[in-house]
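Below are the chains, spelled out letter by letter.
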Amino acid sequence: MRYRQIPGLATRVSVLGFGASPLGNEFCAINPVEGAHAVRHAVANGINFFDVSPYYGRTLAEERLGPALSGLRDKVVIGTKCGRYDTASFDFSAPRIEASIHESLRRLRTDYVDILYAHDIEFADREQIVNETIPALKKLKQQGKARLIGITGYPLKLLADVAVRGAVDIVMSYCHYNLLARDLDTYLTPVLKQHDIALVNASPFHMGILTRAGAPAWHPAPEQVKQAGAGIVKLCAANGADLPAAALRFCLNHSYIASTFVGMFQPAHVDENLKALDTRLDPALLAEIDRTAAPGLNVTWASGLLENQD
Ligand code: NAD
C-alpha cells in the first residue's frame, strides 16, 4: 500500500480508500458478516481510510462499520457526513449538524471522526452552507469531534466556490475522475491546489457502471453514459483485461488526489482492487477504452437545486 499525507491528520491515508455505502445495502442487499470481513480484510492489507455517511442505508452503513472496526480505531482514518439523511431529506442547519455528529459517533463507536463533511451540498442553499453549516462544522472541529471538515457533492463549480469561501480543509468529489469522466481537473483541482485544500475522489467505477454487474437501478447517468460503460466492460472482457485494476489504476495515477474511494462489501473485492496498486495501465488499452468511452465521456447529469448546477 502507498500512503499520502493530508495536512491536519496524524495518520497518512492509504491511496485506496474503502467506500462503505455498500454496507448500507445501497447497491444490493449484502451479507453483513461478509461486509464486516471485507472491512477487516481491508485493514489487514493496508487500507486505513474509510468513508461513510448517515445517509448510506439510512444509518445502516454506520451501524455496520462501527462494530466492524472494533479494536482498530487507532489504525484507521474515518470520514463521515451530515446534512443528508434520505433521498429527499436534508437538514444543513447548525442544530441538526451538531446532533448528527453525536449520533454518528455513537453508531461508529468512537469519540471523534477524522473528517466530517457536509453531504451533497447542491441540495441546499449555498449561502446557508457557507454561513451556517460550515461554521457549525468548524465549531465541532474546535471541540475535537472532527479533525478536519469538508464538503461533498456533484457539481464542480459549486464545490470550488463553497470550498474557497468556507475555507474548508477537504473536498470529496465523485464521478468526475475515472474512465468515463475527466472534468475534475478543469473545474475543481486547480482551485483546491491554489488554496491548499485537500481532495479525495469517489466512485472510480462511476457508481457501478464500470463493473460486470452494471449500474444500479437508481443510477442517474443518461443512457449514453451507461452504454459507453457497458462497452468498456465488454472491451476489457474481450481483451482479457482486468477492468477493476485498470479503472482504479487510472484514478490512482492522479497526482493531487489523496485517496480514491471504491465501494466494497466482499473480501474478494478488496483483493481484486488491491491488484491495481501493482498494475500498469497499458497505453494501447487506455486508447481503446478512450475510444469506447467517447460517446459518454464527461456527460454529466443534474443533481440538486437548479441554481447549483454547473
Ligand atoms: P464505485 O464506483 O466505487 O462502485 C461501487 C460498486 O462497485 C459496488 O457495486 C461494488 O460492489 C462494486 N465493486 C467494487 N469492487 C469491485 C470489484 N473488484 N469487482 C466488481 N465490482 C466491484 O461507487 P461508490 O460506491 O458510489 O463510490 C465509492 C464510495 O465513495 C462510496 O461507497 C461512498 O463512500 C463515496 N461516495 C460519496 C459520495 C458523496 O459524498 N456524495 C458520492 C459517491 C460516492
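Structural notes, computed from the coordinates. (Residues numbered from 1 in each chain as written. Predicted model: local features only at pLDDT ≥ 70, side-chain atom pairs only at ≥ 80, totals over all residues. Heavy atoms only, no water.)

A few points about the state of the cysteines
As a reminder, the rule being used: Note on terminology: pairs of cysteine sulfur atoms within 2.5 Å are recorded as disulfides. The rule is simple: take the accessible area with a 1.4 Å probe, protein chains only, and divide by the maximum for that residue type; under 20% is buried, over 50% is exposed, in between is partly exposed.
In this structure the tally under the stated criterion is 0 disulfides. Between Cys 175, a free cysteine, and Cys 251, which holds the nearest cysteine sulfur, the sulfur-to-sulfur gap is 10 Å. Of the cysteine sulfurs around Cys 236, a residue in no disulfide, the closest is that of Cys 251, at 13 Å. Residue Cys 236 is classed as buried on the basis of its relative accessible area of 1%.

Observations concerning the packing of helix α1 (residues 32–44) against helix α2 (residues 60–68)
Rules: Orientation is described by lines fitted to C-alpha atoms, with helices fitted over the stretch in contact, and by angles between N-to-C directions that extend from 0 to 180 degrees. Helix and strand assignments come from DSSP, with helices taken as H or I runs of at least 4 residues and strands as E runs of at least 2, each series counted from the N terminus. Angles are sorted into four bins: roughly parallel if under 35 degrees, roughly antiparallel if over 145, roughly perpendicular if 65 to 115, and oblique for all others. Crossings are sorted by hand: turned counterclockwise from the far helix by less than a right angle, the near helix makes the crossing left-handed, and turned clockwise it makes it right-handed. In this analysis, two residues are considered to be in contact whenever any of their non-hydrogen atoms come within 4.5 Å of each other. Gly is put with the polar residues, along with every residue not named as nonpolar or charged; the nonpolar set is Ala, Val, Leu, Ile, Met, Phe, Trp, Tyr, Cys and Pro, and the charged set is Asp, Glu, Lys and Arg.
Contact geometry of α1 with α2 gives a least axis separation of 9 Å together with a crossing angle of 55 degrees. In terms of orientation, α1 and α2 fall into the oblique class. In terms of crossing hand, the pair formed by α1 and α2 is right-handed. Touching Pro 32, Ala 36, Val 39 and Arg 40 of α1 are Arg 64, Leu 65, Pro 67 and Ala 68, all from α2. Taken together, the residues of the contact of α1 with α2 break down into 6 nonpolar, no polar and 2 charged.

Some thoughts on the pairing of strand β12 (residues 259–263)
Rules: Following DSSP output, two strands are said to pair if at least two bridges run between them.
Buried residues dominate β12, accounting for 4 of its 5 residues. In this sheet, β12 lies alongside strand β3 (residues 16–19) in parallel orientation, the contact comprising 4 bridges. Counterpart to Leu 16 in the pairing with β12 is Thr 260. Inspection of the sheet shows strand β11 (residues 198–202) paired to β12 by 3 bridges, in the parallel sense. From the neighbouring strand, Asn 201 faces β12, where its bridge partner is Thr 260.

A short note on the nonpolar core
The nonpolar side chains of soluble globular proteins are, as a tendency, buried together. Heads up, the condition is: Nonpolar cores were defined as sets of buried Ala, Val, Leu, Ile, Met, Phe, Trp, Tyr and Cys residues, with membership established by side-chain atoms within 4.5 Å.
Counting 109 residues, the largest nonpolar core has Ile 6, Phe 18 and Ile 151 as its most contacted members. Looking at this core, the element that brings in the most residues is helix α9 (residues 243–252), giving 8 residues. In this view, Ile 151 contacts Tyr 117, Ala 118, Ile 121, Ile 134, Leu 159, Val 162, Ala 163, Val 168, Ile 170, Val 171 and Met 172; residues no more than four positions away in its chain are not counted.

Observations concerning the site of the ligand
Quick note on the threshold: Being near a molecule or strand, for a residue, comes down to having at least one heavy atom within 4 Å of it. In the analysis that follows, any N or O atom pair within 3.5 Å is treated as a polar contact, provided that within protein one partner can donate a hydrogen and the other can accept it, and provided that, for residues neighboring in sequence, both atoms belong to side chains. Only the protein chains shown count as covering a residue, and every accessible area follows the Shrake-Rupley method with a 1.4 Å probe.
Among the 29 residues in the neighbourhood of the ligand, the closest are listed as Ser 21, Asp 51, Asp 120, Phe 205 and Asn 273. Between the ligand and the protein, one listed contact pairs an oxygen atom with a backbone N or O atom of Phe 205 at 2.8 Å. In this structure, Asn 273 approaches the ligand through a side-chain N or O atom, which is 2.9 Å from a nitrogen atom. When the free accessible area of the ligand is taken as 840 Å², the share hidden by the protein chains comes to 92%. Contributing elements (two or more residues each) for the shell around the ligand: β10 (170–174), β12 and α10 (267–274). Here the shell around the ligand is composed, by residue class, of 14 nonpolar, 11 polar and 4 charged.

Overview of the packing of aromatic side chains
The cut-off we apply is this: What counts as a ring pair is set by centres within 6.5 Å for rings of Phe, Tyr and Trp (its six-membered ring), and what kind of pair is set by the plane angle: stacked under 30 degrees, edge-to-face over 60, tilted for all other angles.
Evaluation of the coordinates by the stated rule reveals 9 aromatic pairs. Plain terms: the ring middles of Tyr 154 and Tyr 174 are 5.3 Å apart, the flat faces sit at 45 degrees to each other, and that makes the pair tilted. Highlighted residues: Tyr 154 in the loop between β9 (146–153) and α5 (156–166) and Tyr 174 in strand β10, separated in sequence by 20 residues. Here Tyr 154 falls in the buried class, since its relative accessible area comes to 3%. Exposure remark for Tyr 174: the relative accessible area of 16% places this residue in the buried category. Counting every residue linked through ring pairs, the aromatic cluster contains Phe 90, Phe 92 and Phe 123.

Quick look at the side chain of Asp 114
Looking at where Asp 114 falls in the secondary structure, it is placed in strand β8 (residues 113–118). Taking relative accessible area as the criterion, Asp 114 reaches 7% and is therefore assigned buried. Separated by 3.0 Å, the side chains of Asp 114 and Arg 73 make a polar contact. When sequence neighbours within four positions are dropped, the list of residues in contact with Asp 114 reads Leu 9, Arg 73, Val 76, Val 77, Ile 78, Ala 146, Arg 147 and Leu 148.

Quick word on helix α4 (residues 126–142)
The condition that has to hold: How far a helix is expected to stretch is found by multiplying one less than its residue total by 1.5 Å. By definition, a residue's bend is the angle between the axes fitted to the seven residues ending there and the seven starting there.
Here α4 contains 17 residues, and its C-alpha end-to-end distance of 23 Å stays within 8% of the 24 Å for a straight helix at 1.5 Å per residue. The sharpest bend along α4 measures roughly 30 degrees and falls at Thr 133, with the proline Pro 135 sitting one to four residues further on. The set of residues buried in α4 consists of Ile 129, Val 130, Thr 133, Ile 134, Ala 136, Leu 137 and Leu 140. Those residues of α4 that are buried lie in contact with β5 (77–82), α3 (94–108), β8, β9 and α5.

Here we look at the pattern of salt bridges
Close approach of charged atoms allows side chains with opposite charge to pair. What counts here: Salt bridges are identified by distance alone: a Lys or Arg side-chain nitrogen within 4 Å of an Asp or Glu carboxyl oxygen.
Within the structure shown, the criterion is met by 15 salt bridges. Residue Asp 290 pairs with Arg 182 through a salt bridge whose shortest N-O separation is 3.0 Å. Linking Asp 290 in helix α11 (residues 283–293) with Arg 182 in the loop between β10 and α6 (184–187), this pair joins segments that are 108 residues apart in sequence. Salt bridges here are not isolated pairs; linked through shared partners, they connect Arg 126, Glu 127, Asp 161 and Arg 165.

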